[in-house]
Amino acid sequence: MVDLTQSEDAIRRTARHLAETVFAGRAAEIDREERYPWENVEALRDAGLTGMTIPIALGGRGASLLAAVAAVTEIARHCAVSARIVVETNMGALGAILAYGTDAQKRLAADLVLAGDKPAICITEPGAGSAATQMATTARRVAGGYVLDGAKHWITGGGVSRLHLIFARVIEGGRDRGIGAFIALRGAEGLGIGRREPTMGLRGIPETEILLDGLFVADDMVLIPEGDPARGFAKLMTAYNAQRVGAAAVALGIAQGAFGLARDYLREREQFGRPLAEFQGLQWILADMSVALAAAEALVWRAARSAPAGGFPDMTYAAQAKILAAETAVKVTNDALQLHGAAGYSRARPLERMVRDARMFTIGGGTAQVLRTQVASAELGLKLPQTRAARGDAPATPLPVSER
Ligand SMILES: CC(C)(COP(=O)(O)OP(=O)(O)OC[C@H]1O[C@@H](n2cnc3c(N)ncnc32)[C@H](O)[C@@H]1OP(=O)(O)O)[C@@H](O)C(=O)NCCC(=O)NCCSC(=O)CCS(=O)O
Ligand SMILES: Cc1cc2nc3c(=O)[nH]c(=O)nc-3n(C[C@H](O)[C@H](O)[C@H](O)COP(=O)(O)OP(=O)(O)OC[C@H]3O[C@@H](n4cnc5c(N)ncnc54)[C@H](O)[C@@H]3O)c2cc1C
């Protein structure tokens, strides 16, 4: 277990208590009914866990990223949906606004989050997932602000979030100046909530399209770090690294929860007149799960610790943590289910939900493959552009089937 300050540990213990006594009992129903857990949001807010990273001057607790990550991990052991809400009410869009926003923008974001809103971060588009810099949504300069047109999809919280931070290409004087972010509230004219995705896991939070049809964003709601769209994407992604650590913490917590259930089951369940715990084949599966979890935990803590007060974690540490925690969660939840036999496959237990919930984290927030490219780029000190144009490559021309 990582060393936490007294106040960080108090936050962790509060989160653990809430998760064990309240959220654990609700998780299956939230998953089954695919409904946003407003009652959990209220409990999180009352416990000071939403908006804990907001500075004290804005009504928050000024908590560290490490404290938030510790809380997220505890909650994810029992309810991954609630843990993701803690991530997005402490990192993501909120973090970017607190870092780069005007005083009025910071106040707006802080007030909304402290009142129970989970902001939505709107980056991904049908034609721009991993290739986020190829987004087609435009923000065209007009008198007094910008007009946004385009479509986002897979936006977590679509339809329940009030605050939206929308990434778009800044078009000024008919020219593409780079990428900036734009703040808009649900209900604004031109901000439509589109189709909801029927997801595999994490079913308590809607993933929807966000349709932008002539959405006007006034100058005072524009978030272009340092006023320079050419550097806007890099700065906004610097803030986004905190959310990657948050996602890694959710994955880690889910896996820790599954591990605990598997360990208990091996002790309780008997076959051949002996507890399963006595079979070496199963002991070694459990040992490998334990080793993988310890490694993932170390990377998650290291990434969280790398964030200076009020700042963001190291990009490479964040990517490494998310890759390992996400892939460990997929493996460990599956192994935990296997150790339960048919009981693990039943919807009467949480294992099958944990397998489904864990599956997202090698995809959302930057896939495990794209993040490996970032890690390789940092380790090699090489820019690794992925487009043909930037690499100067000719298109690959597949041989006709008859010549293969
Ligand atoms: C960054 C990518 C989109 C690749 O695109 P490019 O090859 O066009 O861009 P790069 O040259 O790599 O980057 C441009 C510029 O930005 C800097 N950058 C990029 N990533 C980061 C980062 N994480 N931290 C800091 N700076 C960053 C980069 O260094 C360049 O700056 P310089 O010009 O060198 O100074 C692609 O790699 C990528 O990240 N794709 C994933 C997109 C993604 O993560 N989407 C998340 C959507 S939100 C979500 O999924 C929520 C899920 S959840 O609930 O958490
Ligand atoms: C549950 C969930 C919640 C999400 N929430 C949000 C949100 O709130 N806001 C938001 O903006 N987005 C969100 N996303 C979208 C997420 O960020 C994207 O799914 C992710 O960035 C990958 O994009 P894609 O799905 O289009 O996959 P693609 O980019 O199409 O990738 C398909 C496959 O190709 C691989 N691949 C692509 N390019 C390369 C490459 N250059 N090298 C090697 N492999 C490559 C990928 O790793 C993947 O395996 C969410 C996604 C999920 C699943």
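Residues numbered from 1 in each chain as written. Chains lettered and ligands numbered in written order. Predicted model: local features only at pLDDT ≥ 70, side-chain atom pairs only at ≥ 80, totals over all residues. Heavy atoms only, no water.

- The protein goes by 3-sulfinopropanoyl-CoA desulfinase in an unreviewed UniProt entry, where it is assigned to Thermohalobaculum xanthum.
- Looking at the protein in UniProt, the text filed under Catalytic activity (unreviewed entry) is "3-sulfinopropanoyl-CoA + H2O = propanoyl-CoA + sulfite + H(+)".
- In its Cofactor (unreviewed entry) section, the UniProt record describing the protein reads: "FAD". (UniProt positions renumbered as here; feature names shortened; annotations may be inferred.)

1. As for the overall build of the protein
Step number 1: When you go through the protein residue by residue, the secondary structure sums to 14 helices and 10 strands.
Step number 2: Taken over C-alpha atoms, the radius of gyration comes to 22 Å for the protein, in line with the 22 Å a tight globule of 404 residues would show.
Step number 3: For the C-alpha atoms alone, the extent of the protein along its principal axes is close to 80 × 65 × 40 Å.
Step number 4: Across the 404 residues that make up the protein, the buried fraction comes to 51%.
Step number 5: Counting contacts in the protein only where the partners sit at least 6 residues apart, residues at least 24 apart contribute 71% of the total.
Step number 6: Accessible surface for the protein amounts to roughly 18,100 Å². Of this, 53% is attributable to carbon and sulfur atoms.
Step number 7: Here the protein holds 45 positive side-chain charges and 43 negative ones, and the gap between their average locations is 2 Å. (Helix = DSSP H or I, 4+ residues; strand = E, 2+ residues; numbered from the N terminus. Rg over C-alpha atoms; globule rule 2.2 N^0.38 Å. Buried < 20%, exposed > 50% of the residue type's maximum accessible area, 1.4 Å probe, protein only. Contact = heavy atoms within 4.5 Å. Areas by Shrake-Rupley, 256 points an atom, 1.4 Å probe, with all protein chains shown as cover. Lys, Arg positive; Asp, Glu negative; His and termini not counted. Charge placed at Lys NZ, Arg CZ, Asp CG, Glu CD.)

2. Side note on the pattern of salt bridges
Step number 1: In total, this model carries 25 salt bridges according to the counting rule given.
Step number 2: Between E29 and R35 there is a salt bridge whose closest N-O contact spans 2.8 Å.
Step number 3: Here R203 and E34 are joined by a salt bridge, their closest N and O atoms 3.7 Å apart. Pair noted here: R203 is in the loop between strand 6 (191-196) and strand 7 (207-218) and E34 is in the loop between helix 2 (27-33) and helix 3 (38-46), with a separation of 169 residues, a long-range link.
Step number 4: You can call R203 partly exposed: its relative accessible area is 23%.
Step number 5: Accessibility expressed as a relative area gives 32% for E34, which makes it partly exposed.
Step number 6: Members of the salt-bridge network, linked through shared partners, are D9, R12, R13, R16, E74 and R77. (Salt bridge = Lys/Arg side-chain N within 4 Å of Asp/Glu carboxyl O.)

3. A look at helix 6 (residues 92-100)
Step number 1: Across the 9 residues that make up helix 6, a large majority, 7, are buried.
Step number 2: Among the residues of helix 6, G92, A93, L94, G95, A96, I97 and L98 are the ones counted as buried.
Step number 3: Elements that come into contact with the buried residues of helix 6 comprise helix 7 (103-114), strand 1 (120-122), strand 4 (163-172), strand 5 (175-185), strand 8 (222-223) and helix 8 (229-268).

4. A few points about the site of ligand 2
Step number 1: In the vicinity of ligand 2 lie 18 residues, with T124, S130, W154, T367 and Q369 positioned nearest.
Step number 2: Separating a nitrogen atom of ligand 2 from a backbone N or O atom of W154 is a distance of 3.0 Å.
Step number 3: A distance of 2.8 Å separates a nitrogen atom of ligand 2 from a polar atom in the side chain of T156.
Step number 4: For ligand 2, whose free accessible area comes to 970 Å², the fraction covered by protein is 66%.
Step number 5: Elements with a contribution of two residues or more to the shell around ligand 2: strand 1 and strand 3 (145-156).
Step number 6: Of the residues forming the shell around ligand 2, the biggest block, 3 residues, is contributed by strand 3.
Step number 7: For the shell around ligand 2, a count of residues per class yields 7 nonpolar, 9 polar and 2 charged. (Near = heavy atom within 4 Å. Polar contact = N/O pair within 3.5 Å; in protein donor to acceptor, adjacent residues only side chain to side chain. Nonpolar A, V, L, I, M, F, W, Y, C, P; charged D, E, K, R; others polar.)

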